[in-house]
Each structure stands twice: as C-alpha cells, then as structure tokens.
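# Structural overview for review
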Amino acid sequence: MKIGLYYGSETGNSEMLCEDMEAELGADYDCHILSLADVDPATLAKETFYIFVTSTYGNGDLPSTALPFEEAMQAQKPDLSGVRFAIFGLGDQVFSETFNHGSLKLSQMLLDAKAEMVGERGLHDASGFDMPEDVALPWVNGIMEHLEAAKAA
C-alpha cells in the first residue's frame, strides 16, 4: 500500500514524526514523506493513503509550510472524493482555546473537499509528559489496523 506522510511544521517536529512513522510502518508499506509546501492538492490520488501531521501556529492557524497547500485548496476547490486520510496534530494545551486547531483546520478542509477521514484525529499535547512519538506510533498502528480490517471485510 502506498502511504503519503505529509507534514506542516514551523520547527521540524512534524517532519521528524513522519520519519518516525515511516520507520514504524517498515517495509510493509511504500511510504514517501513530503512537506505540505510541496503538495498540490489536485495530485492527491485514490490509490494512496495519506497521513497528515501538522502543528498549530499562532492563533490556531496552520504552520507556514502548510500555507501553500491551504491556499491551493481554497483556489482549486478540488473534489477529493475517494481520497482517504488520517491526521495527527501537535499542539500545546497551554493554548487551550486553539489547542490543535491546525490539525482540526486541515482535516475540515479535506473533509469539505469530500475526502474520507479514517479513524480519530490523533493529538499530542506538548505540555504533557509523553513524547510525540509515544502517542503517534500507537495511533498510526491503530489506523493501519483499521485500514487492513476494512480491506479484509
């Protein structure tokens, strides 16, 4: 199965988490990692499963590397019917009013374009004691188990 691991980041944490996910998924999957700055929404393919990892920046916005993707989504208004994705957000509960709004905003954008979200949005809180990978790796394994079970049914 092809897996696109796409990230939006200010500090590089989302990119590093995508690398951890790629290592966790191993050779069973054909993974590629890209910054959302380099992704044209019109190229999202039904044959690939997408995992988006993004932080939140400022007042609940997407980080700078995700802004070109957001602008392209608004300009193109693509029909992403048949495209499936999961999303993981990095945030900080100190900013409770906008906690993980970057991932919320991105997921809503994809859903509005008729893409299908698989599983629950994964969330990490930088104010907590867990490292991002301690939360994200069990989450991504659960997403893949869900996909495999759906494929077998």
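Here is a short report on the structure shown in this document. (Residues numbered from 1 in each chain as written. Predicted model: local features only at pLDDT ≥ 70, side-chain atom pairs only at ≥ 80, totals over all residues. Heavy atoms only, no water.)

### A word on the packing of aromatic side chains
Counted only if it meets this: Only rings of Phe, Tyr and Trp enter the pairing, Trp through its six-membered ring, and a pair is recorded when the two centres are within 6.5 Å. The plane angle decides the type: under 30 degrees is stacked, over 60 is edge-to-face, the rest tilted. Note on conventions: DSSP H or I runs of at least 4 residues are helices, E runs of at least 2 residues are strands, and numbering of each starts at the N terminus. Only protein chains enter the accessibility calculation, which uses a 1.4 Å probe. A residue is then buried if its area is under 20% of the maximum for its type, exposed if over 50%, and partly exposed in between.
On inspection of all chains with the given rule, the structure shows six aromatic pairs. On the numbers, 5.3 Å between centres and 50 degrees between planes, the contact of Tyr-6 with Tyr-50 is tilted. With Tyr-6 in strand β1 (residues 2–8) and Tyr-50 in strand β3 (residues 48–55), this pair connects stretches of sequence that are 44 residues apart. With respect to burial, Tyr-6 and Tyr-50 carry one shared label: buried. Among the aromatic residues, those joined into a cluster by ring pairs are Tyr-6, Tyr-50, Phe-52, Phe-69 and Phe-85.

### Looking at the pairing of β3
The test is simple: Only strands that DSSP links by at least two bridges are regarded as paired with each other. For the handedness criterion, the strands are oriented away from the viewer, and a crossover whose path from the first strand over the helix to the second runs clockwise is classed as right-handed.
Within β3, eight of the eight residues are buried, leaving the element largely enclosed by the surrounding structure. Burial along β3 is two-sided: the face carrying Thr-48, Tyr-50, Phe-52 and Thr-54 and the face carrying Phe-49, Ile-51, Val-53 and Ser-55 are both buried. Across seven bridges, β1 lies against β3 in parallel orientation. The residue bridging Gly-4 from the neighbouring strand is Tyr-50, located in β3. Both β3 and strand β4 (residues 84–91) contribute to a ladder of seven bridges, which runs parallel. Counterpart to Ile-51 in the pairing with β4 is Ala-86. For the crossover that starts at β3, traverses helix α2 (residues 67–76) and ends in the parallel β4, the hand is right-handed.

### Observations regarding the pattern of salt bridges
The following threshold applies: The working definition used for a salt bridge is a side-chain nitrogen of Lys or Arg within 4 Å of a carboxyl oxygen of Asp or Glu.
The full count for this structure, using the stated rule, is two salt bridges. For the salt bridge of Lys-105 with Asp-61, the shortest nitrogen-to-oxygen distance reads 3.8 Å. Here the residue Lys-105 occupies a position in helix α3 (residues 101–112), and Asp-61 occupies one in the loop between β3 and α2, the gap between them amounting to 44 residues. A relative accessible area of 32% means that Lys-105 is categorised as partly exposed. Notably, a salt bridge pairs Glu-70 with Lys-105, separated by 3.1 Å at the nearest N-O pair. Taken together, the residues Glu-70 in helix α2 and Lys-105 in helix α3 connect sequence positions 35 residues apart. Beyond isolated ion pairs, a larger network of salt bridges with shared partners links Asp-61, Glu-70 and Lys-105.

### Some thoughts on the state of the cysteines
Rules: The disulfide definition used here is simple: a pair of cysteine sulfur atoms within 2.5 Å.
All chains considered together, the criterion is met by zero disulfides. Here Cys-18 is not cross-linked by a disulfide; its sulfur's nearest cysteine counterpart is in Cys-31, at 9.8 Å.

### Notes on the nonpolar core
A general feature of soluble globular proteins is that nonpolar side chains tend to end up buried together. Filter applied, for reference: Residues belong to one nonpolar core when they are buried, are Ala, Val, Leu, Ile, Met, Phe, Trp, Tyr or Cys, and are joined through side-chain atoms within 4.5 Å. Only heavy atoms matter for contacts: two residues are in contact if any of them lie within 4.5 Å across the pair.
Counting residues in each nonpolar core, the largest one holds 23 residues, and the members touching the most others are Ile-3, Met-21 and Ile-51. A per-element tally of this core places helix α4 (residues 132–152) first, with seven residues. For Ile-51, the residues in contact, after removing those within four places along its chain, are Ile-3, Gly-4, Leu-5, Tyr-6, Met-21, Ala-86, Trp-139, Val-140 and Met-144. Listed in part, the 19 residues of the second largest apolar core include Tyr-6, Leu-62, Phe-69 and Ala-115.

### Let's talk about α3
Note the following rule: A helix's residues, less one, multiplied by 1.5 Å, set its expected span. The directions from the helix axis to the C-beta atoms form the arc being described.
Between its first and last C-alpha, α3 extends 16 Å over twelve residues, near the 16 Å set by a 1.5 Å rise per residue. Among the residues of α3, Gly-102, Ser-103, Leu-106, Ser-107, Met-109 and Leu-110 are the ones counted as buried. For α3, the angular spread of the buried residues around the axis is 155 degrees, confining them to a single face. Packed against the buried residues of α3 are β3, α2, β4, β5 (116–117) and β6 (122–125). Lys-114 sits one or two positions beyond α3 and adopts a positive phi of about 75 degrees.

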